[in-house]
Amino acid sequence: MQAECVYEKIDRKLMTKPFLFFLLVLLASTVVIAIRFAKGLGFVSNMSDGYPWGIWITYDVVVGTAFGCGGYALAILIYILNKREFTPLIRSALLTSALGYSLAGFSVVVDLGRYWNMYGLLLPTRWNLSSVLLEVALCIMAYTLVLWVEFLPTFAERFGIDVKKLEKVTMVAVILGLILPTMHQSSLGSLHLISTVKLSPLWHSSFLPLLFLVSVVLMGYGMTAVESLLSSYSFKRPYETHLLKKLSPYMIYLGFGWLILRFLDLIFFEKMKYLFSDSFLSVMFFLEVFLFLVPSVLFWSDRQNLTPRRIFIYSFLYVLGGTLYRFNVYLVAWSPGDNWVYFPSFMETLITLGIVSLEVLIYLVIVKKFPVLPATQGVK
Amino acid sequence: MKEGKNVETRRDFLKKLFTGAASVAAVTTFPSLSLAKTKYYYPPDYWYGMLYDSTKCIGCKSCVVACKKANNLPPELDEYRIYDEATDLTASTKTIIKVYRSEKGDVSSFVKRQCMHCVDPACVSACPVSAMNKDEKTGIVYWRGDRCIGCRYCMIACPFEVPKFEWGKAFPKIVKCDLCLSSYLPKNGITACADVCPAGAIIFGYRNELLEEAKTRIKRNPDKYLPHVYGEKEGGGTGVLYLTSKAVSFRNLGFPAIPDESPAAYSESIHHGIYRTLAPPFLTVGALYFLLKRNNKE
Amino acid sequence: MSRWLKSGPVGEELSRRDFLKICTIVTATLGLPYTMVGKIEAAVKSKQRPPVIWLHFQECTGCTETLLRVSKPDVGKLILELISLDYHETLMAAAGHQAEEVLTQMVSKNEGKYICVVEGSVPLKEGGIYCKIGGKKAVDILKEVGGRSKAIVAVGNCASFGGVQSVDPNPTGATGVYKIIKDKPVINIPGCPPNAYNILSTLMYVLTFSKIPKLDKYNRPKFAYGRLIHSHCPRRAHFDSGRFAEKFGDEGHRQGWCLYKLGCKGPVTYANCPTTNFNEEDVWPISIGHPCVGCTEPKVGFHIPVMERVQPLEITPPAGYPPIKTKEGKVSAGGIALASGAVGAALGAAAMAASKLPDKEDEES
């Protein structure tokens, strides 16, 4: 289904200075990961009985998979709304998604205390069907697989295999690729439905799954734009401004939609009174709201003269907003009591940075060795 | 590019988007408004529980020591390594005595903390691999090491901050009170803490009977007790019930204000609203397949 | 009064009053109910006096001395009257070859019937040449006399575990009896010296019930060595409340606070010293302000320096209480630096990228 567009690999040297830098970070974090498995979680991280989930879950899993939702967000446009013109963007988005999800899976393994029992997630006899986390885990595992299957044509093309043969497989993958993220990205919000006592009322809401879902699609478009502009810049390729411009209305709708939902919830469940009850959380709340509001307004007012720089900044703000929203729900506004504190430790952060580096490294390798980015000359 | 084909007006798109969002919104929020899970509000008569009367506790910590002995738990060493200086429930402390002192210093009260053995436990609802269980025969909430994957979602979910994790170990466990189900209870028919208590501050028995007892105590001594049994309804009810004196509120003793609907029921009603029937995913698959077919033909 | 009470080998007669007092103390030491006093009295009176051979090896005779010097009531006298002490190098009149002859005679005459009491450790290095009596090596005497006895009672830390002679590097290879004799029951009554009542009570128990009392893993009678000194220490309240003497003679020491920080071995030493005191004056090391040295333990006394702190075996909560909420969780400077650095770098890179991106429509790079 992607054959209607032509892609090319970037013929450039692999071993650049940034590449070596990321490699170094990765090596350092590999050492820390080894220490984590030898000495236990408490040795490397600042997680505690009060904050059992730290930056690994919040950033690497929740935010990381949200960053990786470009593939999902574009698939909605291309396959459901039938906007075929976005097809050139799909491969690099799929790659980011596949990498984001795979490495989120990897950080879960690092984070799991009793990883040797992990196979239990695949045993239906052990499934607890009440558990939101079970659904998230199964969906993420399945979706990671789906993403790589969707990405298969890229490899097939590289090795000269007829892409047409894969079409049936990718068709199923596309359907699953639409359902699974809808399920688990909303459920990443549902995970904290159970935190009735610990999550601040400004964030705890029955709208959590919906707010997560809407913001993740928005983040998906934002990431697609950011990534497209960045790779155009760094690989000295033409900007895909004409496509990204067409993406902006969807971002505006989603941005305003999210804000409306956010305030509907506060009004409907009579939570406006908490808006100014805690100075720090109030600041975080308004920062979060502004990060959704500002790019929406600017995108709207600049809709006639959108430039690569503006698209980049606004999209980046959306991504930042979605990230902050996730951090707020998982760490900032979630509190086991004001006697508890948490801030990631040096080694804990290093592991996260290592995982990000690994993502960048694999991205660079694949982009330079496989036809992922749209061909500059071959566009029909 | 295929621009020009399949042009959709903005209006059409908005319509679609709105209907989609509205339907998801409906599915996600409706159940929370309409359904309240009351399955376990009145637990069976044979479920165990404990009653802690803070007005009787003398703070001797016999229960803390007895619990450690019965459950073979290591001490939480202080800097000189001579005291078991746990200041909170930890992976090696399943029960602890804490003290509340009012700011003026005129009022104080002890409080014993351990797993509350919720009637509808959040940890059991949260655990993806059924490692947290509520024993149907006794109502005891216990942990299974052969299943636990160490995801710590139970710790996130528990409103009482009970399950604890062995952070310092390469092969850690989740640790929480199991009413001595795996240690003292089978042989002695009572939990270690209740057995040693010299003041009768913590008594073990059937939860429903203890609730009656608690209410009787309040009725007989209306001047002494706060007329409220903590755990009767909090979070859907708990197996361990608490009484406190008139001068000390349950908030002072560190108990959270939890709505009567259990966090588990709240979460499940919304989440299952979407998934329990399995209908929405299947419907979506059908709709998508139809859309894809149509789009592909064009 | 029975015959044997009237005509003891040493000193004056024991009054009926003192005799009953001793029986009561022994019954209490054994942890038996008061009704048992009569039974013990009867057993002591009626049974034939068992023959006892008392061997001395590498020792200071302090154990014998402490036994003989308890005078109110005269415990040593009772023991000596209770038993037929056939051989005791300090107390017997015979000497030299005459004494050794008595030993040989007694062993063959009472083979398998006598109780062998050992005082002092047995050297094993270089074939055991470091202690010889009458030309015979201590280990040979032990094997011969102990091996043909009914049971062995090792008195004092030396006989039990090697004592002061076994201090590193243990030049003579000093060893406790129960490590050498494996085919006979060996009861250890360690201490430096052991409490006289523990020796007496053990003997009386054997006499009264014709069996060996319950022993712990170091062959010590549980009635006397079943509980940590720390668990029953009169200064325990100070320990629980964190009141410690930091130096000899400081305010805490004069106030009678806990001696743990001065090196007290009470938290690792099993003995009944806090309840069964010494010197007839209800005193014992801790009561006079000296830390316990752990003389009843195989690896504490003589092995851990007297002033060195030890890790308590049973750890219990201190006297204070934690408040409802305590500050918990961790924040580290390195983490803040790295995390904010990374976030800053990401935002900075984004700002850089934004500034590099063209602000014109449809510009080709």
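Throughout, residues of each chain are indexed from 1 in the direction in which the sequence is written. Written order decides the labels, with chains lettered from A and ligands numbered from 1. Local features are withheld for residues below a pLDDT of 70 in this predicted model, meaning they are given only at 70 or higher, and side-chain atom pairs are given and counted only at 80 or more; totals for whole chains, interfaces and linings count all residues. Only hydrogens and water are set aside; all other atoms, that is, all heavy atoms of the structure, feed into the side-chain values.

Trainee: Would you explain the overall build of chain A in this entry?
Mentor: Labels follow the DSSP assignment, with helices taken as runs of H or I lasting at least four residues and strands as runs of E lasting at least two, numbered in each case from the N terminus. Regarding its fold elements, chain A presents 12 helices and three strands. The globule rule is 2.2 Å times the number of residues to the power 0.38, and the radius of gyration it is compared with is taken over C-alpha atoms. A compact globule built from 380 residues would reach a C-alpha radius of gyration of about 21 Å, and chain A, at 21 Å, matches this within 12%. Taken along the three principal axes of its C-alpha coordinates, chain A extends 60 × 50 × 45 Å. Within chain A, the proportion of its 380 residues that are buried is 65%. Partly exposed residues are those whose accessible area sits between 20% and 50% of the maximum for their type, while under 20% is buried and over 50% is exposed, using a 1.4 Å probe and protein chains only.

Trainee: I would appreciate a short explanation of the interface of chain C and chain B in the present structure.
Mentor: Where interface size is given, it is often the accessible area lost as the parts come together that is meant. Should any heavy atoms of two residues lie within 4.5 Å, those residues are counted as being in contact. Of the residues lining the interface, 22 residues belong to chain C; the matching set on chain B comes to 27 residues. Take the accessible area each of two parts loses on contact, using a 1.4 Å probe, and add the two losses: that sum is the buried area. Taking both partners together, chain C and chain B bury about 2000 Å²; carbon and sulfur atoms supply 62% of that area. In the sections that follow, a salt bridge refers to a side-chain nitrogen of Lys or Arg positioned within 4 Å of a carboxyl oxygen of Asp or Glu. The interface formed by chain C and chain B holds zero salt bridges in total. Whenever two N or O atoms come within 3.5 Å, that pair is a polar contact, provided that in protein one can donate a hydrogen and the other can accept it, and provided that, for residues adjacent in sequence, both atoms are side-chain atoms. Our count for the chain C to chain B interface comes out at 10 residue pairs in polar contact (both at pLDDT 80 or more). Looking at the side of chain C that touches chain B residue by residue, the classes come out as 12 nonpolar, five polar and five charged. We call Asp, Glu, Lys and Arg charged. Ala, Val, Leu, Ile, Met, Phe, Trp, Tyr, Cys and Pro are nonpolar, and the rest, Gly among them, are polar.

Trainee: How do you make sense of the interface of chain A and chain B when you look at a structure like this?
Mentor: In this complex, chain A contributes 81 residues to the contact, which on the side of chain B involves 75 residues. Summing both sides of the interface, chain A and chain B together bury roughly 6500 Å²; the carbon and sulfur share of this comes to 62%. The largest per-residue losses of area from chain A upon contact with chain B belong to Asp49(A), Arg114(A) and Ile194(A), which jointly make up 12% of the total buried on that side. For the interface between chain A and chain B, the tally reads two salt bridges.

Trainee: Please clarify how the pairing of strand 2 (residues 84–88) of chain C should be interpreted in this entry.
Mentor: Each regular strand carries side chains that alternate between the two faces of the sheet. Residues and elements named next belong to chain C. Counting buried positions over the five residues of strand 2 gives four, a clear majority of the element. Between any two strands, at least two bridges found by DSSP are needed for them to pair. In this sheet, strand 2 lies alongside strand 1 (residues 51–56) in parallel orientation, the contact comprising four bridges. Bridge assignment links Trp54 to a residue of strand 2, and that residue is His88.

Trainee: I tried to follow helix 7 (residues 138–147) of chain C on my own but got confused; where do I start?
Mentor: All of the buried residues along helix 7 of chain C are Ala138(C), Val139(C), Ile141(C), Leu142(C), Val145(C) and Gly146(C). Along helix 7 of chain C, the residues classed as buried sweep out an arc of 155 degrees about the axis, all on the same side. The reported arc concerns the directions from the helix axis to the C-beta atoms and nothing else.

Trainee: Where do I start with the packing of helix 8 (residues 208–234) of chain A against helix 9 (residues 241–268) of chain A in this structure?
Mentor: Packed helices, taken two at a time, are described by the angle between their axes plus the distance between the axes. Residues and elements named next belong to chain A. Running from N to C, helix 8 and helix 9 cross one another at 155 degrees; their axes reach a closest spacing of 9 Å. Classified by the angle between their axes, helix 8 and helix 9 sit roughly antiparallel to one another. The interaxial crossing formed by helix 8 with helix 9 has left-handed handedness. Contact residues: helix 8 offers Leu210, Leu211, Val214, Ser215, Val217, Leu218, Tyr221, Gly222, Ala225, Ser228 and Leu229, while helix 9 offers Leu244, Leu247, Tyr250, Met251, Leu254, Gly255, Trp258, Leu261 and Arg262. Orientation is described by lines fitted to C-alpha atoms, with helices fitted over the stretch in contact, and by angles between N-to-C directions that extend from 0 to 180 degrees. An angle below 35 degrees is read as roughly parallel, one above 145 as roughly antiparallel, one from 65 to 115 as roughly perpendicular, and any other as oblique. In a left-handed crossing the near helix is turned counterclockwise from the far helix by less than a right angle, and in a right-handed crossing that turn is clockwise.

Trainee: So what exactly am I meant to see when it comes to the nonpolar core here?
Mentor: The nonpolar side chains of a soluble globular protein tend to be buried, and buried together. Within the largest apolar cluster, 162 residues are counted, with the highest numbers of intra-cluster contacts made by Leu74(A), Trp203(A), Tyr221(A) and Tyr153(B). When residues in this core are grouped by element, the largest group, 15 residues, is from helix 8 of chain A. Contacts of Leu74(A), omitting those with residues within four sequence positions, involve Phe86(A), Leu89(A), Ile90(A), Ala93(A), Tyr221(A), Thr224(A) and Leu247(A). Definition of nonpolar core: a set of buried residues of the types Ala, Val, Leu, Ile, Met, Phe, Trp, Tyr and Cys, connected through side-chain atoms within 4.5 Å. Membership of the second largest hydrophobic core comes to 45 residues, among which are Ile189(C), Ala196(C), Val206(C) and Cys233(C).

Trainee: Explain the packing of aromatic side chains to me, please; I cannot follow it from the model alone.
Mentor: Where two aromatic rings form a pair, the distance of their centres and the angle of their planes describe that pair. Note on ring pairs: Phe, Tyr and Trp rings are taken, using the six-membered ring of Trp, and paired if centres are within 6.5 Å. Classes follow the plane angle, with under 30 degrees stacked, over 60 edge-to-face and the rest tilted. Under the defined criterion, the tally for this structure stands at 47 aromatic pairs over all chains. Ring geometry for Trp53(A) and Tyr330(A): centres 6.2 Å apart, planes at 15 degrees, overall stacked. Placement of Trp53(A) in the loop between helix 2 (41–44) and helix 3 (55–67) and of Tyr330(A) in helix 11 (residues 308–332) is noted, with a sequence separation of 277 residues between them. For Tyr330(A), a relative accessible area of 2% puts it in the buried group. Put simply, the rings of Trp53(A), Phe212(A), Trp258(A), Phe292(A), Tyr325(A), Tyr330(A) and Tyr153(B) pair up and form one aromatic cluster. Note on geometry: a ring has a charge over it if NZ (lysine) or CZ (arginine) is within 6 Å of the ring centre and within 35 degrees of the ring normal. Just above the ring of Tyr233(A) sits the side chain of Lys236(A); from NZ or CZ to the centre is 5.7 Å. Sitting over the face of the ring of Phe255(B), Arg113(B) holds its NZ or CZ atom 4.1 Å from the ring centroid.

Trainee: Can you walk me through the domain arrangement of chain C in this structure?
Mentor: Residues and elements named next belong to chain C. Entries for chain C in the domain assignment read domain 1 (3–223) and domain 2 (227–318). As annotated, the domain borders come from an automatic or database domain assignment. Taking the mean C-alpha position of each, domain 1 and domain 2 sit 28 Å from one another. Each partner contributes residues to the interface: domain 1 has 22 residues there, and domain 2 has 13 residues. A combined buried area of about 1500 Å² lies between domain 1 and domain 2, and 51% of that area is made up of carbon and sulfur atoms. On inspection of domain 1 and its partner domain 2, the count reaches one salt bridge. As a salt-bridge pair, Arg220 and Glu297 come within 2.8 Å of each other at their nearest N and O atoms. Here domain 1 and domain 2 share seven residue pairs in polar contact (both at pLDDT 80 or more) between them.

Trainee: Would you mind going over the side chain of Asn198(C) with me for this structure?
Mentor: Residue and element names in this part refer to chain C. As for its position among the elements, Asn198 is in helix 9 (residues 196–209). On the accessibility criterion, Asn198 (2% relative accessible area) is buried. Beyond its immediate sequence surroundings of up to four residues, Asn198 is in contact with Thr29, Ile189, Phe223, Ala224, Tyr225 and Asn272.

Trainee: Just to check I follow, could you spell out the packing of helix 5 (residues 87–111) of chain A against helix 6 (residues 132–158) of chain A for this structure?
Mentor: Residue and element names in this part refer to chain A. Their axes nearest at 9 Å, the elements helix 5 and helix 6 cross at an angle of 140 degrees. Considered as vectors, helix 5 and helix 6 are oriented oblique to each other. Crossing hand, helix 5 versus helix 6: left-handed. Counting all contacts with helix 5, which are made through Arg91, Leu94, Leu95, Ser97, Ala98, Leu99, Tyr101 and Ser102, the residues of helix 6 involved are Ile140, Tyr143, Thr144, Leu147, Trp148, Glu150, Phe151, Pro153, Thr154 and Glu157.

Trainee: I'm lost on unusual backbone geometry in this one. Help?
Mentor: Most peptide bonds are trans, and most residues other than glycine sit at a negative phi. Residue Pro169(C) is reached from Asp168(C) by a cis peptide bond, and omega for that bond is 10 degrees. Here Pro169(C) lies in the loop between helix 8 (156–161) and strand 8 (174–175). With a phi angle near 50 degrees, His117(B) is a residue other than glycine that sits in the positive phi range. Examined against the element boundaries, His117(B) turns out to sit in the loop between strand 3 (108–113) and helix 3 (122–126). For Asn170(C), which is not glycine, the phi torsion reads 50 degrees and is therefore positive. Within the element layout of this structure, Asn170(C) appears in the loop between helix 8 and strand 8. Given a relative accessible area of 17%, Asn170(C) falls into the buried group.

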